[in-house]
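Each chain, written out:
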Amino acid sequence: MSRRRVRIKPKFYLLLTFIVGVAVAVLAIVMQDGAGGTLKSGAMEVEIEKKAVLIRDEMSVSVDKYDRVSFAVKEGETVYEGMPVAEVYKWGYTDDMAQSLLSVEAEIYNAQKSQLSGVDNAELSSIELQIEQKRAAIRACVSGGEGDALELQRELKGLMEQREAFLKSTVQPTEELTRLYNSKQDKQTQLSSYKTDISAARDGMVSFYFDGFEQVLNKDKLDTVNAALINATVSGTVDSLGGASNNLLYRLINPNIWYAAFVTDKSDAAALSEGENYTVTFDGYEEQPFSARAMELIHSDAGVMNMLEINENMGPLLNNRVITLKAKSVVSGIMLPSDAVGYKDGSSIVTIEGRDGAYDVRVDVVASDGEHSIVRARDGEGTLSEGMRYKKP
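Residues numbered from 1 in each chain as written. Predicted model: local features only at pLDDT ≥ 70, side-chain atom pairs only at ≥ 80, totals over all residues. Heavy atoms only, no water.

1. Examining the overall build of the protein chain
And step 1. Within the protein chain one finds six helices and 18 strands.
And step 2. Counting over 393 residues, the protein chain shows a buried share of 36%.
And step 3. Taking as baseline every contact in the protein chain between residues at least 6 positions apart, the subset at least 24 positions apart corresponds to 77%.
And step 4. For the protein chain, the accessible area works out to roughly 22,600 Å², and carbon and sulfur atoms hold 50% of it. (Helix = DSSP H or I, 4+ residues; strand = E, 2+ residues; numbered from the N terminus. Buried < 20%, exposed > 50% of the residue type's maximum accessible area, 1.4 Å probe, protein only. Contact = heavy atoms within 4.5 Å. Areas by Shrake-Rupley, 256 points an atom, 1.4 Å probe, with all protein chains shown as cover.)

2. A closer look at the packing of helix 3 (residues 122–142) against helix 4 (residues 149–170)
And step 1. Interaxial distance between helix 3 and helix 4 falls to 9 Å at its minimum, and their mutual angle equals 160 degrees. Comparing the axis directions of helix 3 and helix 4 gives the class roughly antiparallel. Handedness of the helix 3/helix 4 crossing: left-handed. Residues Glu-123, Leu-124, Ile-127, Glu-128, Gln-130, Ile-131, Lys-134, Arg-135, Ala-137, Ile-138 and Cys-141 of helix 3 pack against Ala-149, Leu-152, Gln-153, Glu-155, Leu-156, Leu-159, Met-160, Gln-162, Arg-163, Phe-166 and Leu-167 of helix 4. (Axes fitted to C-alpha atoms, helices over the stretch in contact; angles between N-to-C directions. Parallel < 35°, antiparallel > 145°, perpendicular 65-115°, else oblique. Left-handed = near helix turned anticlockwise from the far one by under 90°.)

3. Some points on the pairing of strand 12 (residues 303–310)
And step 1. The element strand 12 is extensively covered by neighbouring structure, given that eight of its eight residues are classed as buried.
And step 2. Of the strand pairs in this sheet, strand 10 (residues 290–294) and strand 12 are connected by three bridges, and their pairing is antiparallel. The residue bridging Ala-292 from the neighbouring strand is Ile-310, located in strand 12.
And step 3. Pairing analysis gives three bridges linking strand 11 (residues 298–300) to strand 12, with the strands arranged antiparallel. Bridging from a neighbouring strand, Ser-300 pairs with Gly-303 of strand 12.
And step 4. Hairpin geometry of strand 11 and strand 12 is characterised by an intervening segment of two residues between the two adjacent antiparallel strands. (Pairing = 2+ DSSP bridges.)

4. Observations concerning the confidence of the model for the protein chain
And step 1. Taken residue by residue, the protein chain gives an average pLDDT of 84. The fraction at 70 or more is 88%.
And step 2. Low pLDDT (under 50) marks residues 22–33, which in the prediction has two contacts with non-local residues, meaning those over four places away or in another chain. (pLDDT = per-residue confidence, 0-100.)

5. Some remarks on the environment of Gly-354
And step 1. The topology assignment puts Gly-354 in strand 15 (residues 347–354).
And step 2. Between the C-alpha atom of Gly-354 and that of Arg-389, which follows or precedes it by 35 residues, the distance is 7.6 Å.

6. Quick word on the packing of aromatic side chains
And step 1. In the structure shown here, the tally under the stated rule is four aromatic pairs.
And step 2. For the pair Trp-258 and Phe-290, a centre-to-centre distance of 5.2 Å together with 90 degrees between the ring planes defines the contact as edge-to-face. You can see Trp-258 sitting in strand 8 (residues 248–264) and its partner Phe-290 sitting in strand 10, a full 32 residues away along the chain. Judged on exposure class, the residue Trp-258 and its partner Phe-290 are both buried.
And step 3. Aromatic pair Phe-282 and Phe-290: ring centres 5.9 Å apart, planes at 70 degrees, arrangement edge-to-face. Exposure class is identical for Phe-282 and Phe-290. Each is buried. (Phe/Tyr/Trp six-rings, centres within 6.5 Å; stacked < 30°, edge-to-face > 60°.)

7. Topic: the nonpolar core
And step 1. Counting residues in hydrophobic clusters, the biggest one holds 32 residues, and the most contacted among them are Tyr-278, Phe-282, Leu-308 and Leu-325.
And step 2. Of all the secondary structure elements, the ones that give two or more residues to this core are strand 2 (40–62), strand 8, strand 9 (277–282), strand 10, strand 12, strand 13 (322–337) and strand 16 (357–368). (Core = buried A, V, L, I, M, F, W, Y, C linked by side-chain atoms within 4.5 Å.)

Right, dumping it as structure tokens:
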């Protein structure tokens, strides 16, 4: 039986050649994509949670060694430039000095009232009534009632001074009153030699609490703050760096400009993006979000120092130093697969295929979802732009 020969038509060879060509092209693309690709622009929502160190714009007020102090303001109170904050008494002061002055003032008041006996003065009666009402309010406040005891005492002092000025200008000075006036002046002079009045040097908020880091973790020293210091502060392995505690009186804080700093690993994808705005909340104060701007990333052997600048009243965070924060934002930049970001000489890199060969660009990874990352070239490292070819490490 003879075999029948099958004749293959030329069209078959053309089709086969086409199929093989397509397969080769697809394989080449797959292999190429596996080794690299093209940079694209993208955006990604990012959330960073870190233990941070708060840095304030504040000044620590200190005085020479003193025996006692009387504050005119309370913790967290807002003061204005020139406003009385405290009276400081040096060694040698005794309560007898103040009591002696009070006794003379009482004698002066009784002598003045004696001269006005039988005279009805509406202005004086009004002042006296306000004084009695203020004293009653202070007693009620001290007993657990409403009101601010310190503010009430300030108001009472003002009324007492008003009454004193009124009586001195109204009552004719007798020989006895003149003697008492002179005695009062002598006692005031003696008392003033032991007392120093402390006033606010600028507007701000007052706090009497110190943690020893006020001098170095301060807005004026931002250029000396580094990752090593932040790490040590968070871990509690650094000694306090403030002045002698027995000389420190109070802190005067500008509550409307402050900073939150934290450290990330050099290969960490949780770094801030310089110039980006973030919404920040702090552990225990989640109901009060703040708007913050990311500052320049500082790279060192101890890690990458990230810092946020906040220009809103810090409120309840006045005395916090180390606290956990959450920073959220949508950041944009160059997007590429996460496995296309390499690590070399302590820095994250992206390898670019240029006309003259491949070269590395140091980058900061500002967002990552595991599969893809958003990167930005560091200053002085050239640019990354959409359309460039990258090579996977």
